[in-house]
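# Analysis of the macromolecular model
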Amino acid sequence: MDFELLQWEPSLAPSLAESANDAKIDWWLGEDFPSPYTEEDAKKYIDSTFIMNRLEGNNFCAIVADDRAIGSISLMARGLGVRKFCAELGYWLNPAYWGKGIMTEAVRRICGKAFEETDVRRIQAEVFAPNAASCRVLEKCGFALEGTLRKSTYKRGEFFDSHIYALLKE
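An account of the accompanying structure is given in this report. Every value quoted in this text rests on a predicted model; they were computed, and no experiment measured them. (Residues numbered from 1 in each chain as written. Predicted model: local features only at pLDDT ≥ 70, side-chain atom pairs only at ≥ 80, totals over all residues. Heavy atoms only, no water.)

For the rest of this paragraph, the subject is the overall build of the chain. Assigned secondary structure in the chain consists of 5 helices and 7 strands. Along its sequence from the N terminus, the chain presents helices and strands in the succession β-α-α-α-β-β-β-α-β-α-β-β. Relative to a compact globule of 170 residues, whose C-alpha radius of gyration would be 15 Å, the chain shows 15 Å and is just as compact. Across its three principal axes, the chain shows a C-alpha extent of roughly 40 × 40 × 30 Å. For the chain, the residues scored as buried account for 44% of the 170 residues in total. In the chain, once contacts between residues fewer than 6 apart in sequence are set aside, the share between residues at least 24 apart is 63%. (Helix = DSSP H or I, 4+ residues; strand = E, 2+ residues; numbered from the N terminus. Rg over C-alpha atoms; globule rule 2.2 N^0.38 Å. Buried < 20%, exposed > 50% of the residue type's maximum accessible area, 1.4 Å probe, protein only. Contact = heavy atoms within 4.5 Å.)

Turning our eyes to something else, we now look at the pairing of strand β4 (residues 86-93). Of all 8 residues in β4, 6 are buried; the element is thus mostly enclosed. Bridge count between strand β3 (residues 68-77) and β4: 7 bridges; the pairing is antiparallel. Bridge pairing links Ala-77 to Ala-87 in β4. In this sheet, strand β5 (residues 122-128) lies alongside β4 in parallel orientation, the contact comprising 3 bridges. Residue pairing in the sheet places Cys-86 in a bridge with Arg-122 of β5. Handedness of the crossover joining β4 and β5 through helix α4 (residues 102-117): right-handed. (Pairing = 2+ DSSP bridges. Right-handed = clockwise from strand over helix to strand, strands pointing away.)

Further remarks concern the side chain of Ser-134. Secondary-structure assignment places Ser-134 in helix α5 (residues 132-140). In this structure the side chain of Ser-134 is engaged in a polar contact, spanning 2.6 Å, whose partner is the side chain of Tyr-91. (Polar contact = N/O pair within 3.5 Å; in protein donor to acceptor, adjacent residues only side chain to side chain.)

The next subject is the packing of helix α1 (residues 13-20) against helix α3 (residues 39-52). It is the contact of α1 with α3, at a shortest axis distance of 8 Å, that shows an interaxial angle of 115 degrees. Between α1 and α3 lies a crossing of right-handed hand. Listed contacts from α3 to Ala-13, Pro-14, Leu-16 and Ala-17 of α1 are Glu-39, Ala-42, Lys-43, Tyr-45 and Ile-46. Tallied by class, residues from the contact of α1 with α3 come to 7 nonpolar, no polar and 2 charged. (Axes fitted to C-alpha atoms, helices over the stretch in contact; angles between N-to-C directions. Left-handed = near helix turned anticlockwise from the far one by under 90°. Nonpolar A, V, L, I, M, F, W, Y, C, P; charged D, E, K, R; others polar.)

Remember that the coordinates give geometry; whether it matters functionally is a separate question.
Next comes the structure, spelled out in structure tokens:
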């Protein structure tokens with residue numbers, strides 16, 4: 001399926017709200033992800049990306065197909081000092097588009113761009129251990145499992161392990 005990675009813009013708020021308002025997405029994300037996800041939440045998020053994308057090493061993108069936001073992917077710089085060459089990857093996709101290779105390709109694109117256009121040397125992602133599909137996406141993109149954080153995540157009354165994956169610039 002054809003899609004683009006685009007900078008967020010206000011016109012994507014309605015489709016962002018529609019795509020993000022799914023319990024299957026909320027289940028695998030942090031507690032700060034709104035559920036239900038409203039158009040007002042979408043507008044706030046899009047506004048925040050304008051600020052976040054101004055910071056060096058950050059890249060917050062909409063995954064867009066047929067002029068609609070169907071997901072989100074971001075690289076966020078880890079900071080200054082000893083972590084200044086690291087970035088954190090985050091993503092989600094509307095469940096109607098799961099299993100089509102979209103997220104695998106989106107991860108490849110955003111990581112490739114970061115390694116080509118910035119001084120980032122390491123990209124890491126933390127995923128809930130039971131989220132096998134997300135683990136597969138990272139593995140297909142060359143990320144290596146570096147460790148397991150035991151019982152590190154608490155969601156809906158349960159503790160879960162999470163995995164740390166990393167991709168290094170060659």
